[in-house]
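Here is how the chains run, residue by residue.
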Amino acid sequence: MWKTILRRVLIMIPELIILSILVFLLAKAMPGDPFTGSINPKADPAQIHHLMEIHGLYDPWYQQYWNWVVHLFHGDLGMSYEYQEPVVTLIQQRGANTLWLALFTMVLTYVIGLPLGLYAAHHEGKLQDTLVRVYTYVTMSIPFFVVLVLGIWIFGYALNWFPTSGSVSATASGLGATTMSRLGHIILPGLLGALFGTVNIVQYLRSEVIDAKHSDYVRTARSKGVPMKDIYRHHIFRNSLLPIAAFAGYSITGLLGGSIFTEMVFSYPGMGLLFLNAINFRDYTVITALVLLYGFLNLMGTLLSDIVLSIVDPRVRIE
Amino acid sequence: MVETKSDQFLNIKNVSTAFKINGQYYDAVSNVNLEVKHDEILAIVGESGCGKSTLATTIMGLHDPEETKISGEIDFEGTDLLKLDEKGYNQFRGAKIGMIFQDPLSALNPLKRIEDQIQEVMIYHTKMTEQQRHARVIELLNQVGIEDPERTAHQFPHQLSGGMRQRIIIAIAIACKPDLIIADEPTTALDVTIQAQILDVLRDIQKENHAGIILITHDLGVVAETADRVAVMYAGQIVEQGTAAQIFNEPKHPYTRSLLRSMPQRENENDELYVIQGMVPSLQKMPKQGDRFAPRIPWIPASAHEAQPKMHDVGDNHLVRCTCYKNFYFPDQVKEGAGHESN
Ligand SMILES: Nc1ncnc2c1ncn2[C@@H]1O[C@H](COP(=O)(O)OP(=O)(O)O)[C@@H](O)[C@H]1O
Ligand SMILES: [Mg+2]
């Protein structure tokens, strides 16, 4: 198992290098330079030329790439033109907000999705199964932003149960109160996200369990005289949950990218909204940093799910 | 031929199994009567689709009661299995009846160690301690011819070859020393050399445990090598039944004779093989009148078949369905010589 994990981590190194080169080239291709916004455009061209020289902007691209990587390792991703703050600081603040919402959504998704999927499969073809499937079809056929808008309109504005924007109330003070306020801000978007995200899990788990139920190894277990309820526990559920456990590794990093829809509708200051604004304001350093981050999260996600899979599934291990 | 001394302990009486297809029930197994004795291997042979597996899973009670209708009686050591509920059946499955399946690649749980999969059956039927169970696992693995039992016990199914996996399945089936072992095409998915080894293992076990074995196969070669008695099954019915000697030396039913004639043999390797016309009918297309095999021997006049073919004893418990065997001949043979032809 350790061999598998080690090999998997080693594979990631060239992936990371390729990703960073691509993002670097992307950044170079964007209009503007590191001084855009901080220098008077009417300044003496000779002076600008001098500045460019000092900062190595005439160096060959690999030299510049190397400098860029060194800065990256020092946590220097440049300044945001729009916010006039270091990009790293921005990402830290927004990232924390997104992290809370992501974790909350994820936990809810699994808490709702797993039992529902198991329940439907257990009652395959019966009324209970049909009800669950109606639920999944309904959520699947409504666009996510409609769910969000309806949700915020009903529970936020009409019923006034939940706040409709921000990540924490400005008036909250003290650890207890701020925590409660933060929680209050993520309940509704988290719940809506979970109700929506749950569809995949329910359908996936349902079909996994049904496949397992009709599998040859379950027939073997039955012919050993194992009661059906034990077969569910020891064979069916376990085998069906494993691929989902592996998928969780991937989906958590996906959620960390922030949901653009959710954050937009709820004016929730997270990564998704940051990215959207950066595009609107052509805040290139932020865009570059976020693209790099998203790429990195993606690679981490597949790494994580491969590792989980190698822990739970003996077939993918190298002995 | 070995004359078996012990009593029959499995008596299948008039068993039919029907599947629900589009709301209607169709027989896959029709009025089967069979017995199995201790210390014998009964082979059930027939082409694919003849209902052999359905019969096996009917004995094991593995059919979904909402999709199947089963009638008749399966008397196992004095208990009618068909009257048992799920809980009662579980006392027999694995303990008194062991089953070996066709596909060793999918019959084991891919995520559980071999040891756990073998121990599982003991957990439900014995009071052995963990240590005793482990010892028994090693003993079983030795018995089925696994070379490094300790190591194999610790492995996962995907680390073993098909032949090894089939040995594991056999080990599971015999772990609690069942009186009856049902082996449904145990060698079909394996290489020829492995096939022979697996059959050896089965024969050894039968001798050691005094078990009765139902060996299901479509391969007459396997039957010739292992069986004491043979039941030939066609389209859900037993069409001929007798000792291996009777079936191989004096086959009667046209289906048995056709099967034997289509079996590749060493001496006439270069001859063209006989091919039985047509196919096994699907459940919905089962002929209601006459011998079910009649459509596949169209040169035999309809008058040769009984309207509702019955089993006839042609001597020494050699049973044949329908009277059409009396005048059966192959198209390339003259009618007169037909009666003496054996494969
Ligand atoms: N669960 C089922 N539902 C409907 N038909 C079935 C089912 N299982 C088997 N059959 C049909 O019953 C017949 C006998 O099948 P089977 O017992 O598998 O034959 P064999 O093992 O001799 O190849 C075939 O026509 C097959 O299509
Ligand atoms: Mg079969």
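Since the structure is predicted, the reported quantities are computational estimates derived from the model, not experimental observations.

### Focus: the domain arrangement of chain B
Residues and elements named next belong to chain B.
- Entries for chain B in the domain assignment read domain 1 (8–227) and domain 2 (252–331).
- Taking only C-alpha atoms, the centre of domain 1 and the centre of domain 2 are 29 Å apart.
- Taken together, the contacts link 13 residues of domain 1 with 10 residues of domain 2.
- Ranking the residues of domain 1 by area buried against domain 2 places Y26, E47 and L220 at the top, with a combined share of 47%.
- On the surface where domain 1 and domain 2 come into contact, there are 1 salt bridge.
- Close ionic contact of R296 with E47 constitutes a salt bridge, the shortest N to O distance being 2.9 Å.
- Where domain 1 packs against domain 2, one counts 3 residue pairs in polar contact (both at pLDDT 80 or more).
- At the level of secondary structure, the elements contributing two or more residues to the side of domain 1 that touches domain 2 comprise β1 (8–21), β2 (24–37) and α8 (220–226).
- Top contributing element to the side of domain 1 that touches domain 2 by residue count: β2, with 4 residues.
- Residue composition of the side of domain 1 that touches domain 2, grouped by class: 6 nonpolar, 5 polar and 2 charged.

### Quick word on the interface of chain B and chain A
- Listed as interface residues are 27 residues of chain B and, on the opposing side, 22 residues of chain A.
- Across the interface of chain B and chain A, roughly 2300 Å² is buried in total on both sides, 54% from carbon and sulfur atoms.
- In this structure, the connection of chain B to chain A is made through 2 salt bridges.
- For E120 of chain B, the salt bridge identified is with K224 of chain A, shortest N-O distance 2.8 Å.
- Summed over the shared surface of chain B and chain A, the number is 14 residue pairs in polar contact (both at pLDDT 80 or more).
- Elements that contribute at least two residues to the side of chain B that touches chain A include exactly α2 (86–92), β6 (97–100) and α3 (114–125) of chain B.
- Looking at which element gives the most residues to the side of chain B that touches chain A, the answer is α3 of chain B, with 5 residues.

### Concerning the site of ligand 1
Residue and element names in this part refer to chain B.
- Neighbouring ligand 1 are the residues F19, A28, E47, S48, G49, C50, G51, K52, S53, T54 and L283.
- One of the backbone nitrogen or oxygen atoms of G49 is found 2.6 Å away from an oxygen atom of ligand 1.
- Considered on its own, ligand 1 offers 560 Å² of accessible surface; in the complex 62% of this is hidden by protein.
- Here the shell around ligand 1 gets 3 residues from one element, more than from any other, and that element is helix α1 (residues 52–60).
- Counted by class, the shell around ligand 1 contains 4 nonpolar, 5 polar and 2 charged residues.

What counts and what doesn't
- Residues numbered from 1 in each chain as written.
- Chains lettered and ligands numbered in written order.
- Predicted model: local features only at pLDDT ≥ 70, side-chain atom pairs only at ≥ 80, totals over all residues.
- Heavy atoms only, no water.
- Domains from an automatic or database assignment.
- Contact = heavy atoms within 4.5 Å.
- Buried area = accessible area lost by both parts, 1.4 Å probe.
- Salt bridge = Lys/Arg side-chain N within 4 Å of Asp/Glu carboxyl O.
- Polar contact = N/O pair within 3.5 Å; in protein donor to acceptor, adjacent residues only side chain to side chain.
- Helix = DSSP H or I, 4+ residues; strand = E, 2+ residues; numbered from the N terminus.
- Nonpolar A, V, L, I, M, F, W, Y, C, P; charged D, E, K, R; others polar.
- Near = heavy atom within 4 Å.
- Areas by Shrake-Rupley, 256 points an atom, 1.4 Å probe, with all protein chains shown as cover.

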